[in-house]
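# Report on the structure
Okay, here's what each chain looks like letter by letter:
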Amino acid sequence: MSELIHPLHRYIRPGITGTTNCPGCGNGIVAQAILRAIDELNMTLDDFVFVTGIGCSAWIPSPFFNVDVLHTTHGRPIAFALGIKMGLPGKKVMVTSGDGDLAAIGGNHLIHNARRNIEMVVICLNNSIYGMTGGQAAPTTPFGLKTATTPYGTYENPLDISQLVIAAGASLVARWTTYQVRQLTASIKKAINKKGFSFIEVITQCPVQFGRKTGSGSAVQMLKEYKEKSINIKDAAQLTPAELQNRIIVGELVDRELPEMLTEIKKIQARAQGEEK
Amino acid sequence: MKNKRVLTGKYFMMGNIACAEGALAAGCELAAGYPITPASEIANRLAERLPQVGGIFLQMEDEISSIAAIIGASWTGKKVMTATSGPGISLMLENIGFAVGVETPCVIVNVQRGAPTTGMPTAGVTGDMVQPKRGSHGDYEIIALCPASPQEMFDHTVIAFNLAEKYRVPVFVLADAFVGHMREEVVIPEAEKIPIAYRKVPEPGTDPLKIKGFLDEDVAPMPLFGRGFRAHVTSSCHDEYGRRNLSDLPALDNFVRKLSNKILKHKKDIVMVEKDYQGAEIVLVSYGAVSRAAKTAVQFGREQGLPVGLLRLITPWPFPEEELAEMAQQVKKVIVLENNLGQLYPYIKAAAAPFSEVYFLPPQVIGEIHDPEYILGRIREVL
């Protein structure tokens, strides 16, 4: 009997034999969606540099992908990624990180690089909780939920990260859950080829911290919930805000053409060198 | 001036401008920063000059992202820098530790100002002398230089870039508002007379699994991004191959010691001091702007027949204890001059006190360079 090898196994760093993800974690689904997107675009990991922050989802490319990867400080991956893209404009730069990393401690860099519209792909795995540190409330935790640091329930309004990034000026913003794997893969493919800042929010399950602490249940229960709650942005347009309460609006939220930073810098360099007025 | 990296010639130039020109002469390709007094002229000049030579200046949203962006760019092979003052360094400290941890060449200029906290931005106070070495968490070594003139703002910036390349480490230029804003003669040599260093990189085509890109006391080749090395670069505890290890204490021990030994092993190559204490009984130890007053005091003292000499620390880090001990064995007394309440004094005392009496002389007013007559008064008291 021949050995069965996962078709995406060739993208995994040699010597990596296990995962640090908890059972049921959404990281694996997103990792596969990223690799499928790259595979379907007939690209290789040598076309990419990955950058991650701190948190469970930061470990997707570091160490698992066999790629140039910079595993950085908490909240700062996009700022590091900006420097990398400046140095390697011909490479695709992709950031994978969590909602805490990108929207809490790193919120400033998220806003300003969306504003700069620097060409890169940022995949935000939003599990609405701090998973690695043991289930503390995040800026995305639904109002009233009990967590390790909100034993009586959260008393803060949650942040809609995608809306923030849209307002800041990103070219492409999409939101999916780990239930919509094919749509997610299609959005990642589109983001990789987008000339501008692409942000993909993936609502993902953390059965161990979010599920257990909040009573949302197992990974399967959480995925079922995503299926039931998800509503495409086109269908959502027909509903009132009251009807949309407690729903997850998914789909391509924004796809627009805006000046991209690297392109603009090249113009500035030409101007400084006296090649154009 | 357009399209020229090295502006060979003789100028009446501000220290901060000389710093920016030193960066260009050394091959800086990308700088990132955030405006702050008294360092802003460096950013302004780089923003004007870098695009002229095909480089990039990024004005970032804060100092945290400034240092992050230059570290990212350094990993693509670019020569990079940022310039700021104390509050900016305070914000950068976590990522300075990151740069040390993943062995990233970069130059960080601190034009020091009146502190603590927001302090007095235009006052020249060398209040951040220990911060680059001890400010980020954990044990680590960096390299720092202390310019005392606009000419040295140029020269030390060039040296800083070369040391950063050679040792894959953040190198600090610890200026202050005096030296940064001072205007003096600056001579920029011809390009071919400026020595330029480049980091070691693995041979193209090297099997990624065989690249030992980290933790070599003689400096590992840097597995730059975009060259097929598939580099795994993490600031978490890692081994020579960059592989993360978060469970074995010997791995942590290796990580901590190798990073520090990489600098300490090569102290003889790195450390620079200016010595002028032949036959002296009493030596003034100083650095930066204060060393100008010390030199004048030594000159006046000798004219008056006082047996006085001078030792100037050009590189306060790695700390030159051997040079201090050597000096202290030849003289009777040492007076340490700093424009602060004694930041390097405990280190200097520890090195010199076994051999000579060591005194500290703060300025009469913090932020005012010592009056040479005030220094002479202290020399007479101590003699």
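Residues numbered from 1 in each chain as written. Chains lettered and ligands numbered in written order. Predicted model: local features only at pLDDT ≥ 70, side-chain atom pairs only at ≥ 80, totals over all residues.

### Thoughts on the overall build of chain B
The helix and strand tally for chain B stands at 13 helices and 14 strands. Here chain B has a C-alpha radius of gyration of 21 Å; the compact-globule value for 383 residues is 21 Å, and the two agree. A buried classification covers 56% of the 383 residues belonging to chain B. Restricting the contact set of chain B to residue pairs at least 6 apart, pairs at least 24 apart contribute 76%. (Helix = DSSP H or I, 4+ residues; strand = E, 2+ residues; numbered from the N terminus. Rg over C-alpha atoms; globule rule 2.2 N^0.38 Å. Buried ≥ 20, exposed ≤ 12 C-beta atoms within 10 Å, placed from the backbone. Contact = placed C-beta atoms within 7 Å.)

### A look at the overall build of chain A
Each helix and strand in chain A was counted, giving 11 helices and 10 strands. Rg of the C-alpha trace for chain A: 19 Å, near the compact-globule value of 19 Å for 277 residues, within the 12% margin. In terms of its C-alpha atoms, chain A occupies a principal-axis envelope of roughly 65 × 55 × 35 Å. Counting across all 277 residues of chain A, residues that qualify as buried make up 50%. In chain A, the proportion of contacts linking residues at least 24 apart, taken out of those at least 6 apart, comes to 68%.

### A few points about the interface of chain B and chain A
Taken together, the 38 residues of chain B in the interface contact 34 residues of chain A. Elements represented by at least two residues in the side of chain B that touches chain A include exactly strand 2 (30-33), helix 3 (63-74), helix 4 (86-101) and strand 9 (232-234) of chain B. Of the residues belonging to the side of chain B that touches chain A, the class tally is 17 nonpolar, 14 polar and 7 charged. (Nonpolar A, V, L, I, M, F, W, Y, C, P; charged D, E, K, R; others polar.)

### Focus: the sheet that holds strand 11 (residues 282-286) of chain B
Whether parallel or antiparallel, the strands of a sheet pair through hydrogen bonds between backbone atoms. All names here are of chain B. The strand order 10-12-11-13-14 describes an open sheet built from 5 strands, whose pairing is mixed. Each end of this open sheet is capped by a strand with a single partner; those strands are strand 10 (273-276) and strand 14 (357-361). Averaged over neighbouring strand pairs, the angle between their axes works out to 20 degrees when direction is ignored. Sheet analysis places strand 11 next to strand 12 (residues 308-313), joined by 5 bridges and oriented parallel. Its bridge partner lying in strand 12, Ile282 is registered against Val308. In this fold helix 12 (residues 345-352) packs onto strand 11, strand 13 (333-337) and strand 14, with an angle of close to 165 degrees to the strand it touches most, strand 14. (Pairing = 2+ DSSP bridges. Axes fitted to C-alpha atoms, helices over the stretch in contact; angles between N-to-C directions.)

### Here we look at unusual backbone geometry
Only a minority of non-glycine residues have a phi that is not negative, and only a minority of peptide bonds are not trans. Between Ser62(A) and the following residue, Pro63(A), the backbone shows a cis peptide bond with an omega angle of 15 degrees. Turning to its location among the elements, Pro63(A) is positioned in the loop between strand 1 (48-52) and strand 2 (68-71). Following Ala115(B), the chain continues into Pro116(B) via a peptide bond in cis, with omega recorded as 15 degrees. Relative to the assigned elements, Pro116(B) resides in the loop between strand 5 (106-112) and helix 5 (131-134). Residue Asn246(A) is not a glycine yet carries a positive backbone phi of 70 degrees. Mapped onto the secondary structure, Asn246(A) falls in the loop between helix 10 (241-244) and strand 10 (248-255). At Leu215(B), a residue that is not glycine, the phi angle is positive and equals roughly 55 degrees.

### Describing the sheet that holds strand 2 of chain B
Residues and elements named next belong to chain B. Reading across from one edge, 3-2-4-5-7-6 is the order of the 6 strands in this open sheet, with parallel pairing throughout. In this open sheet, the two edge strands, each paired with only one partner strand, are strand 3 (56-59) and strand 6 (143-145). Averaged over all adjacent pairs, the angle separating strand axes in this sheet is 20 degrees, with direction ignored. Here strand 2 runs beside strand 4 (residues 80-84); their pairing, made up of 2 bridges, is parallel. Across the sheet, Ala31 pairs through a bridge with Met81, a residue of strand 4. Along the sheet face, helix 6 (residues 150-167) touches strand 5, strand 6 and strand 7 (170-176) and points at about 165 degrees away from the line of strand 7.

### Considerations on the domain arrangement of chain B
Residue and element names in this part refer to chain B. On domain assignment, one finds that chain B holds domain 1 (9-193) and domain 2 (273-382). Here the C-alpha centroids of domain 1 and domain 2 sit 26 Å apart. Taken residue by residue, the interface counts 23 residues in domain 1 and 19 residues in domain 2. Every element with two or more residues in the side of domain 1 that touches domain 2 is listed here: helix 5, strand 6, strand 7 and helix 7 (177-181). Element by element, the count of residues in the side of domain 1 that touches domain 2 is highest for strand 6, at 3 residues. Of the residues contributing to the side of domain 1 that touches domain 2, the split by class is 16 nonpolar, 4 polar and 3 charged. (Domains from an automatic or database assignment.)

### Considerations on the environment of Thr133(A)
Tracing the sequence through the fold places Thr133(A) in the loop between strand 5 (129-130) and strand 6 (136-137). Spatially, the C-alpha atom of Thr133(A) lies 9.4 Å from that of Cys56(A), the residues being 77 residues apart in sequence.

### Some points on helix 6 of chain B
All names here are of chain B. Along its 18 residues, helix 6 runs 25 Å from first to last C-alpha, staying within 8% of the 26 Å computed at 1.5 Å per residue. Extensive coverage of helix 6 is indicated by the burial of 16 of its 18 residues. Arg168 occupies a position one or two residues after helix 6 and carries a positive phi of about 45 degrees. (Expected span 1.5 Å × (residues − 1).)

### Side note on the environment of Leu30(B)
By the secondary structure assignment, Leu30(B) is in strand 2. Ignoring sequence-local partners within four residues, the contact set of Leu30(B) consists of Met86(A), Gly87(A), Gly55(B), Ile56(B), Ile70(B), Ala73(B), Lys78(B) and Val80(B).

### Considerations on the packing of helix 1 (residues 15-26) of chain B against helix 6 of chain B
All names here are of chain B. For the pair helix 1 and helix 6, interaxial distance at closest approach is 7 Å and the crossing angle is 30 degrees. Remark: the crossing between helix 1 and helix 6 carries right-handed chirality. Here helix 1 contributes Gly15, Asn16, Ala18, Cys19, Glu21, Gly22, Ala23, Ala25 and Ala26 to the contact with helix 6, which in turn contributes Pro150, Gln151, Met153, Phe154, Asp155, Thr157, Val158, Phe161 and Asn162. Among the residues making up the contact of helix 1 with helix 6, the classes are represented as 10 nonpolar, 6 polar and 2 charged. (Left-handed = near helix turned anticlockwise from the far one by under 90°.)

### Regarding helix 11 (residues 321-330) of chain B
All names here are of chain B. Looking at helix 11, one finds that the buried residues are Leu324, Met327 and Ala328. Viewed end-on, helix 11 has its buried residues packed into an arc of 100 degrees, placing them on one side of the element. Among the structural elements, strand 11, strand 12, strand 13 and helix 12 are those in contact with the buried residues of helix 11. (Arc of directions from axis to C-beta.)

### Let's talk about the environment of Val171(B)
Residues and elements named next belong to chain B. If you trace the backbone, Val171 turns up in strand 7. For Val171 and Pro132, which are 39 residues apart along the polypeptide, the C-alpha to C-alpha distance reads 9.3 Å. With residues near it in sequence (within four places) discarded, Val171 still touches Val107, Ile143, Ala160, Leu163 and Ala164.

### Comments concerning the pairing of strand 3 (residues 92-98) of chain A
All names here are of chain A. Of all 7 residues that make up strand 3, 7 are buried, and the element is covered over most of its length. Alternating positions in strand 3 separate into two faces, Lys92, Met94, Thr96 and Gly98 on one and Val93, Val95 and Ser97 on the other, with burial throughout. Where strand 1 lies against strand 3, 5 bridges are found, and the strand directions are parallel. Each residue of the ladder has a partner; that of Val51, found in strand 3, is Val95. Bridge count for strand 3 against strand 4 (residues 120-126) is 5 bridges, and the pairing is parallel. Following the sheet pairing, Met94 is matched in strand 4 by Val121.

### Topic: the packing of helix 1 of chain B against helix 2 (residues 40-49) of chain B
Residues and elements named next belong to chain B. The N-to-C vectors of helix 1 and helix 2 enclose an angle of 40 degrees; their axes lie 8 Å apart at closest approach. Taken together, the axis directions place helix 1 and helix 2 in an arrangement best described as oblique. The handedness of the crossing between helix 1 and helix 2 comes out as right-handed. Packed against helix 1, whose contacting residues are Asn16, Ile17, Cys19, Ala20, Ala23 and Leu24, the element helix 2 presents Glu41, Ile42, Arg45, Leu46 and Arg49 at the interface. (Parallel < 35°, antiparallel > 145°, perpendicular 65-115°, else oblique.)

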